[in-house]
Amino acid sequence: MLVEQHLSQSIKSAVTSLYGVNIEDKQIQIQKTKREFEGDFTLVVFPLLKISKKKPEDTANEIGEYLKSNLPAIQSFNIVKGFLNISLNHSFWSNVLNTIAQTVDYGFAKPNSSGKTKMVEFSSPNTNKPLHLGHIRNNLLGFSVARLLEANGHGAVKVNLVNDRGIHICKSMVAWKKFGKGETPETNNLKGDHLVGHYYVLFEKEYRKQVEELKLQGLSEEEAKVKAPIILEAQEMLRKWEAKDSDVYSLWETMNQWVYDGFDVTYKEMGVEFDKIYYESQTYLLGREIVNDGLKKGIFHRKTDGSVWVDLTDDGLDEKLLLRADGTSVYMTQDIGTASQRFSEYQLDDHIYIVGNEQEYHFKVLKLILSKLGYSWANHLYHLSYGMVQLPEGKMKSREGKVVDADDLMEEMVATAYDMSKEFGKLNDANEDEAASIVKMVGLGALKYFILKVDPKKNMTFNPKESIDFNGNTGPFIQYTHARIQSVLRKANESNIPVPQTLSSSLSMEGKERELVKLLSMFTSYVEQAGEQLSPALIANYVYDLAKEYNQFYHDFSILKEPNEAIRDLRLILSRETGNIIRLAMWLLGIDVPSRM
RNA sequence: GGCCCCGUAGUUCAAUGGAUAGAAUAGCGGUUUCCUAAACCGUAGAUCCAAGUUCGAUUCUUGGCGGGGCUACCA
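None of these values were measured; they are calculated from a predicted model.

Criteria and thresholds
- Residues numbered from 1 in each chain as written.
- Chains lettered and ligands numbered in written order.
- Predicted model: local features only at pLDDT ≥ 70, side-chain atom pairs only at ≥ 80, totals over all residues.
- Heavy atoms only, no water.
- Pairing = 2+ DSSP bridges.
- Helix = DSSP H or I, 4+ residues; strand = E, 2+ residues; numbered from the N terminus.
- Contact = heavy atoms within 4.5 Å.
- Axes fitted to C-alpha atoms, helices over the stretch in contact; angles between N-to-C directions.
- Near = heavy atom within 4 Å.
- Polar contact = N/O pair within 3.5 Å; in protein donor to acceptor, adjacent residues only side chain to side chain.
- Parallel < 35°, antiparallel > 145°, perpendicular 65-115°, else oblique.
- Left-handed = near helix turned anticlockwise from the far one by under 90°.
- Nonpolar A, V, L, I, M, F, W, Y, C, P; charged D, E, K, R; others polar.
- pLDDT = per-residue confidence, 0-100.

## Some details on the sheet that holds strand β9 (residues 308-311)
Part 1 of the argument: Taken in spatial order, the three strands of this open sheet run β8-β9-β10, and their pairing is antiparallel. The open sheet is flanked by β8 (301-302) and β10 (319-323), the only strands paired with a single partner.
Part 2 of the argument: Packing against the sheet, helix α13 (residues 288-296) makes contact with β8, β9 and β10, and its axis sits at approximately 120° to β10.

## Thoughts on the protein's contact with RNA strand B
Part 1 of the argument: The environment of RNA strand B is formed by 60 residues, the closest being N163, D305, K426, F470 and N471.
Part 2 of the argument: Those atoms of RNA strand B that come within 4 Å of the protein belong to sugar or phosphate at a rate of 57%.
Part 3 of the argument: One of the side-chain nitrogen or oxygen atoms of Y480 is found 2.4 Å away from a sugar or linking oxygen of RNA strand B.
Part 4 of the argument: Of all the elements in the fold, those that place two or more residues in the surface near RNA strand B are β1 (29-32), β2 (41-44), β4 (83-88), α15 (360-372), β14 (460-461), α20 (475-494) and α23 (536-556).
Part 5 of the argument: At six residues, α23 tops the list of elements feeding residues into the surface near RNA strand B.

## Quick notes on the sheet that holds β4
Part 1 of the argument: Spatial ordering of the open sheet is given by β1-β2-β4-β3, a layout of four strands whose pairing is antiparallel. Two strands lie at the open edges of the sheet, namely β1 and β3 (74-80), each paired on one side alone. Strand-to-strand twist in this sheet, taken as the mean axis angle between neighbours without regard to direction, amounts to 25°.
Part 2 of the argument: Two strands pair when backbone bridges link them, and β3 and β4 are joined in this way by six bridges, in the antiparallel orientation. When the bridges of β4 are listed, V80 appears paired with F83.
Part 3 of the argument: The strands touched by helix α3 (residues 56-70) are β2, β3 and β4; relative to β3, the strand with the most contacts, the crossing angle is about 180°.

## With respect to the packing of helix α14 (residues 331-346) against α15
Part 1 of the argument: Taken N-terminus to C-terminus, the directions of α14 and α15 make an angle of 55°; their axes are 10 Å apart at the nearest point. Here α14 is positioned oblique relative to α15, judged by the angle of their axes. Of the two elements, α14 crosses α15, and the hand of that crossing is right-handed. On the side of α14, the interface is formed by Y331, M332, D335, I336 and A339, while α15 contributes H362, V365, L366, I369 and L370.
Part 2 of the argument: The class makeup of the residues in the contact of α14 with α15 is eight nonpolar, one polar and one charged.

## Here we look at the confidence of the model for chain A
Part 1 of the argument: Considering every residue of chain A, the mean pLDDT works out to 90; 97% of them sit at 70 or more.
Part 2 of the argument: Low pLDDT (under 50) marks residues 396-401, which in the prediction has one contact with non-local residues, meaning those over four places away or in another chain.
Part 3 of the argument: Among the scores for the predicted complex, ipTM is 0.94 and pTM is 0.94.

Okay, structure coming up:
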């Protein structure tokens, strides 16, 4: 943040003054000095050698001398090979800590201070079954990315595109009519999405059975799959839906509503929300006009059967269908339409899609088509692609295709948190409501942190047991650190020890204290970086480092029993600010932090 | 077959082309007159292979090997 920028500017002018050359920011590489070496920040001088035309050591020395005589904040410097290690003085670090203390409470950039609006589409479930583990990664990423954007001063619009129409929901409807006996979420005391999902499973079961029967009668697999009566029923139902048959339509509305009610519960439990929900039944016709326009302009072409295609072979891709022979649209057509609609409706600067990596090709094609159509915003679509999440046991028997239900998993996490708290004898003096709320924060925090800390594009294994461990790189460990900080502050308050707003004198900060200030000072630069890269993982790994650093600091020093008041004040401020920043960082990840646990 | 992504300690994850590749966990050995032992300290252990680019490569390029995905008039 400020510290690095400040240094970076000074180094720029050093180079200009020493070698008479203006350099770009890229050429200045400043990093936090590694622990083994003395210093706070390190300049890598190798990139500057071409300009100085001198040996690494000499170049580093010249820059070091220049900085020392021109920047009062510089205490000393040392050189190891091509690395210039710079130490900043005590009063500088006191100022940094004071700045943090004054600004951190205000949080982040003002909303919309950048003047940019960015849409984040995430979740996008089908309405024929409940959310599963993959949706959890999707939802958490989307929600956190939106917060990162807000923290950087952008307007973030969170939207969900619900796939509420198509053959899949008709399958559930057919099965419900066939086997349902009028069951509802109320009669079965079951979440609506689970009930509808149950019928989807029943449909698939019956479908497989009928296919087997037909095969016994001598039909081939392909024939049987097309001729099974139940699939014909589902297709008939889809046709009736498209013709707005009133019976079918109202059943469709009823069952979808069950599902939405169920989804709402899941989203609420997960702590995610949307600014707007789009429904495919209302958007699936969009895009056709644009395609027809493109056809007139010769960007697309029509085949003899009447279907419309785009030829992307010059761009190293395939031909892609845009309108079927019967004139109906496909997924791509709809995405062209909705993107166009959204950009004009919201005056968007960027549109981020949180979608699994199996659709990378789709989004590549979408962007390409849109830029062929001449939309200037085509380059402002981002596909944040993420990999699969597995459970440890899923690795063994991945054949099954068994899905992990989101509701079940969250419930299990909270239950585990409860058991562990009990086992450790915690929460004994909390009342039931408090305990329930803390246990929920811990259980879900474990899940969220474990998933978010991993680079999105990688496939990952979610290990529930490991995630909820109170040791290690886990959510609960960070939450625990925060809780302990709050405990220190509470005790200070009880003993009438005030925590000062700012540090009055410039104390010498060494070792752990100094490391902690350094880490704290880097928070905003991590938020910026994470915002640019749409990477919650960056924040997660940062906040873990911070929590670990505080733990060691905490262990090494008596905070409240420190006889020297000035030093005690310093440590109290450090504790408070660490707590504040942990809370802010966890907020960015969508993770709640209890003040005791 | 073509295209895309991934490959790092036993395991789960890090590392804008930078210093001796970091953590955590599991293992082994320690620490309790201490504000939360749900802690802390020590120890051992890894870049899939081969070439290339350069002051320097886990990172970039090429070729292998291994894992996953896409390659529907499905959504």
